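Each chain, letter by letter, is given below.
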Amino acid sequence: MSYQEGNNYSNGDFAPQRGVPESTIREAYDEGGIRAGAVRVARIAYGILSRRKAAEEGVARLARVLSALDLTALGVGSTLGVGVYVLAGDVAKNYAGPAVILSFLLAAVASVFAGLCYAEFGARVPKAGSAYVYSYVCVGEFIAFIIGWNLILEYIIGAASVVKALSEYLDSLLDKAISTQLHEWMPMHSPHLAKYPDLFAFTVIMTFSVALAFGVKESTKFNNFCTGVNLCVVLFVIISGSFKADSRNWRIPAADVPRGFGAGGFAPYGLAGIIKGAAVCFYGFIGFDCVATAGEEARRPQKTIPFAVVASLLIVFLAYCGVSSVLTLMIPYYMQDEKAPFPYVYDHLGWPWAKYAVSVGAICALCSSLLGAVFPLPRIIYAMSSDGLLFKFMGRVSEKYQTPLIGTMVAGLFTGTLAMIFELEQLIHMMSIGTLLAYSMVASCVLLLRYERSQQRGAPERLRASCGAVLRQLFNSAGEAVPTPLSAAVVATLVTLYGVWCLIMMNCVNQHGQAILEGEMVPLITFIISTSLVITTLYAISRQPVSEKKLAFSVPLVPWLPGLSILINVYLMLNLDYMTWLRFAVWIAAGLIIYVTYGAWHSSERRKNLDAVQLAELHNDSQTALLQSGLSQHALG
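What you see is a predicted model; the values in this text were computed from it and never measured.

How each quantity is defined
Residues numbered from 1 in each chain as written. Predicted model: local features only at pLDDT ≥ 70, side-chain atom pairs only at ≥ 80, totals over all residues. Heavy atoms only, no water. Helix = DSSP H or I, 4+ residues; strand = E, 2+ residues; numbered from the N terminus. Buried < 20%, exposed > 50% of the residue type's maximum accessible area, 1.4 Å probe, protein only. Areas by Shrake-Rupley, 256 points an atom, 1.4 Å probe, with all protein chains shown as cover. Core = buried A, V, L, I, M, F, W, Y, C linked by side-chain atoms within 4.5 Å. Contact = heavy atoms within 4.5 Å. Patch = residues over 30% accessible without salt bridge, like charges linked within 9 Å, V, L, I, M, F, W, Y side chains within 5 Å. Salt bridge = Lys/Arg side-chain N within 4 Å of Asp/Glu carboxyl O. Phe/Tyr/Trp six-rings, centres within 6.5 Å; stacked < 30°, edge-to-face > 60°. Axes fitted to C-alpha atoms, helices over the stretch in contact; angles between N-to-C directions. Parallel < 35°, antiparallel > 145°, perpendicular 65-115°, else oblique. Left-handed = near helix turned anticlockwise from the far one by under 90°. Nonpolar A, V, L, I, M, F, W, Y, C, P; charged D, E, K, R; others polar. pLDDT = per-residue confidence, 0-100.

Asks: Would you take a moment to explain the overall build of the protein chain for this structure?
Replies: Each helix and strand counted, the protein chain has 23 helices and three strands in total. Put simply, the protein chain has 637 residues, and 52% of those count as buried. Here the protein chain has roughly 28,400 Å² of accessible surface; of this, 66% comes from carbon and sulfur atoms.

Asks: How do you make sense of helix H12 (residues 341-348) when you look at a structure like this?
Replies: For H12, every residue scored as buried is listed here: Pro341, Phe342, Pro343, Val345 and Tyr346. Gly350 sits one or two positions beyond H12 and adopts a positive phi of about 85°.

Asks: Would you mind showing me how to read the nonpolar core here?
Replies: Soluble, globular proteins show a tendency: their nonpolar side chains are buried together. Core analysis: the biggest nonpolar cluster contains 153 residues, and Tyr85, Phe145, Ile152, Phe285 and Leu370 have the highest contact counts within it. Of the residues forming this core, the biggest block, 18 residues, is contributed by helix H6 (residues 141-173). Sequence-distant contacts of Phe285, that is, excluding residues within four places in its chain, are made with Thr79, Phe104, Ala107, Ala108, Ser111, Leu313, Val316, Phe317 and Tyr320. Ile252, Val257, Phe261 and Tyr333 belong to the second largest nonpolar core, which has five residues in total.

Asks: I'm lost on the side chain of Ser604 in this one. Help?
Replies: For Ser604, the position within the fold is in helix H23 (residues 604-636). Not counting the four nearest positions on each side in its chain, Ser604 is found in contact with Ser386, Asp387 and Gly388.

Asks: Help me out: how do you make sense of the environment of Ser604 in this one?
Replies: Of the residues examined, Ser604 reaches a relative accessible area of 12% and is grouped as buried. When the C-alpha positions of Ser604 and Arg51 are compared, they lie 10.0 Å apart, and in sequence the two are 553 residues distant.

Asks: How do you make sense of a nonpolar patch on the surface when you look at a structure like this?
Replies: Together, Phe475, Ile535, Tyr539, Leu557 and Trp560 give the surface a local cluster of nonpolar side chains, amounting to about 520 Å² of exposed area. We classify Leu557 as exposed; its relative accessible area is 63%.

Asks: Just to check I follow, could you spell out the pattern of salt bridges for this structure?
Replies: For the coordinates displayed, the defined rule picks out two salt bridges. In this structure, Asp198 engages Lys164 in a salt bridge whose closest nitrogen and oxygen atoms are separated by 3.4 Å. On the criterion of sequence distance, the pair formed by Asp198 in the loop between helix H7 (177-185) and helix H8 (199-213) and Lys164 in helix H6 is long-range, its members being 34 residues apart. Ionic pairing is found between Asp246 and Arg248, a salt bridge with its closest N-O pair at 3.0 Å.

Asks: What is the right way to read unusual backbone geometry from this model?
Replies: A cis amide bond links Val558 with the next residue in sequence, Pro559, at an omega value of 10°. By the element assignment, Pro559 lies in the loop between helix H20 (521-542) and helix H21 (560-574). Phi is positive for Asn476, close to 50°, though the residue is something other than glycine. As for its position among the elements, Asn476 is in the loop between helix H18 (467-474) and helix H19 (485-517). Positioned with a positive phi, Leu557 is a non-glycine residue whose angle comes to about 55°. Note that Leu557 resides in the loop between H20 and H21.

Asks: Please explain the side chain of Ser487 as it appears in this structure.
Replies: Assignment of secondary structure puts Ser487 in helix H19. On the basis of relative accessible area, Ser487 is assigned to the buried category, the value being 0%. Leave out the neighbours within four places in its chain, and Ser487 touches Gln473, Gln544 and Pro545.

Asks: Please explain the environment of Gly89 as it appears in this structure.
Replies: With respect to the element layout, Gly89 can be found in helix H3 (residues 83-96). In this structure the C-alpha to C-alpha distance between Gly89 and Ala340, which are 251 residues apart in sequence, comes to 7.7 Å. Among all residues touching Gly89, those that are not within four sequence positions of it are Leu327, Gln336, Glu338 and Pro341.

Asks: How should I be thinking about the packing of aromatic side chains in this particular structure?
Replies: Aromatic ring pairs are described here by two measures, namely the spacing of the ring centres and the angle between the planes. Summed over the entire model, instances satisfying the criterion amount to 18 aromatic pairs. When the ring of Tyr333 is compared with that of Tyr334, the centres are 5.5 Å apart and the planes differ by 80°; the resulting orientation is edge-to-face. Grouping residues by exposure puts Tyr333 and Tyr334 together as buried. Through a chain of ring-to-ring contacts, three or more aromatic side chains come together here, namely Phe142, Phe145, Trp149, Trp587 and Tyr595.

Asks: Even after reading the chapter, I still don't get the packing of helix H17 (residues 433-450) against H21, so can you show me in this structure?
Replies: Two measures define how a pair of helices packs: the angle their axes make with one another and the distance between the axes. Where H17 meets H21, the closest approach of the two axes is 9 Å, and the angle between their N-to-C directions is 160°. When the axis of H17 is compared with that of H21, the two are roughly antiparallel. Handedness of the H17/H21 crossing: left-handed. Facing H17, whose interface residues are Ile433, Leu436, Leu437, Tyr439, Ser440, Ala443, Ser444, Val446 and Leu447, H21 presents Pro562, Ser565, Ile566, Asn569, Leu572 and Met573. Here the contact of H17 with H21 is composed, by residue class, of eleven nonpolar, four polar and no charged.

Asks: Whenever I open this one, the confidence of the model for the protein chain confuses me. Can you help?
Replies: Predicted coordinates in regions of low pLDDT should not be interpreted in detail. Averaged over every residue, the pLDDT of the protein chain is 77; residues scoring 70 or more account for 78%. Of all the helices and strands in the protein chain, strand E1 (residues 2-6) carries the lowest mean pLDDT, 36, while H20 carries the highest, 93. Throughout residues 1-21 the model reports pLDDT below 50, and contacts reaching past four residues in sequence, or to other chains, amount to 77 contacts.

Asks: I tried to follow the environment of Val490 on my own but got confused; where do I start?
Replies: For Val490, the position within the fold is in helix H19. For Val490, a relative accessible area of 6% puts it in the buried group. When neighbours within four sequence positions are excluded, Val490 is seen to be in contact with Gln473, Leu474 and Gln544.

Asks: Explain the packing of H8 against helix H13 (residues 352-374) here, please?
Replies: Contact pair H8 / H13: the axes reach a minimum separation of 10 Å and the direction vectors enclose 60°. What the angle tells us is that H8 and H13 run oblique. Once H8 is placed against H13, the crossing between them reads as right-handed. Counted together, Val204, Ile205, Phe208, Ser209 and Leu212 of H8 and Cys367, Leu370, Leu371 and Val374 of H13 form the full contact between these two elements. Considering only residue class, the contact of H8 with H13 consists of eight nonpolar, one polar and no charged.

Encoded structure:
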């Protein structure tokens, strides 16, 4: 086994040494036959797929204008969107009853795990691009492209669904005036598209894109205003609802509960209902990661990004908890309206005026969510095009406005087109598999970086270890305190295996949960073995020596907390339907075509390698010329 360290990380033996010219495939084949040629092909492929960037802050080309308050408002606005007006009623009625509070608590804990991992990376890699940059720094170019490409899809769908929801909400307030008129003018007769082109949604998304393109600071002021109004409305709901609260709604006897709505009491659907509700509530916390995409536009990003991530998640959880509490205390959980709970509740209580205040909050919440979805999209495109993985013109920064102007407008045009021609249900059904995958990748990167070996001066060090040395390092029996190339390689292998064990364990729980509870032999043994492997792998990782690098913010309880985050994300991904995975596969296939035909050849990391090789060849040629000149002078003398 052979590993070579370079660029701060432990790479495999296939990784070429930067600055050292290597033989071509033809030369390797001529010297050693088919096997040598195949090994050379594998080395080239591995070198391309595993090219990494250094985890260091460079010179920011974007304007650093965002304060900790701006970033927190951005995180709260993008997370505390329409979910607070819809999600609480839906989960309370169909999943958890009054125990919806516990569902939100579990979802908040899972989100905080991912948020802490994002916060450490925000302190470690203050660059635009979010999980894309994090993956590029730690895992490699190919995986980074996949993550970045998938995040583009998720933000496009997120923005399109939010602006579609805003259009439909305003349309309902105007008694269907917008949809009726557009349907008369431009009807669309297709089973796979909307009934009419939603020009209002297209106009709104383009307006937001223009606002972002011509000034980040100005657009964040609007976001801060919308977020402030949203939080005021949430406080109004909590305070006004407390006057009509009745604790008996949390203690309803089973005999008084209509059929099909559980057994009454605080948790009518039991523990299973609370956990299922938490899986639904988790999607109400998605959006905080847009804070991490603003690394190049934040003042003092090592401190402001971790603060904004944790603060925004805490504010959102308190809002969800307060709203769901008063909602289930005002009227019984089985009477909730899962689509528009607050207008229904205030009508039921005889306060029709209050529903208009809630409508103002809902519109502001949707505007904040829209800005939170549109904001990171051009930043990720900018980061990928700056690295040469996407077309260069999309990453050009305007000298006047210091924003990625073309990338922002292209992203807005694509998002607006989707919102214009598709129904809201079709957009919502494209679930957040990319977000969960990004969360898992970031947590894995935290593990790899925490146990990395610090960069050494001089030539890259190769590692040649025996099986005995690997087994001894598995639990660090020698008690080494400083990371070595072997310990870093062991951690990389253990993290990969941990992902496999999580997949087996959570698939077993997802497919055979009831059989495990009933004690059926095969599912129970599979669950016990996979659980033991998960715990043993995390323990082996915890035994490895930790990097001595000091950070402004570090995730506590490593590797247990990132490991738990990965476990939860894998479980939620396995609960997504097959159509989500199919759409994901189609999108990834399109991305692979772009990467193979353009990105792999125009990568900035590839150019760095080529420049280093050319410099080495020039250095060797000059040394040869000087030597020959010296020999000829000596012969003449």
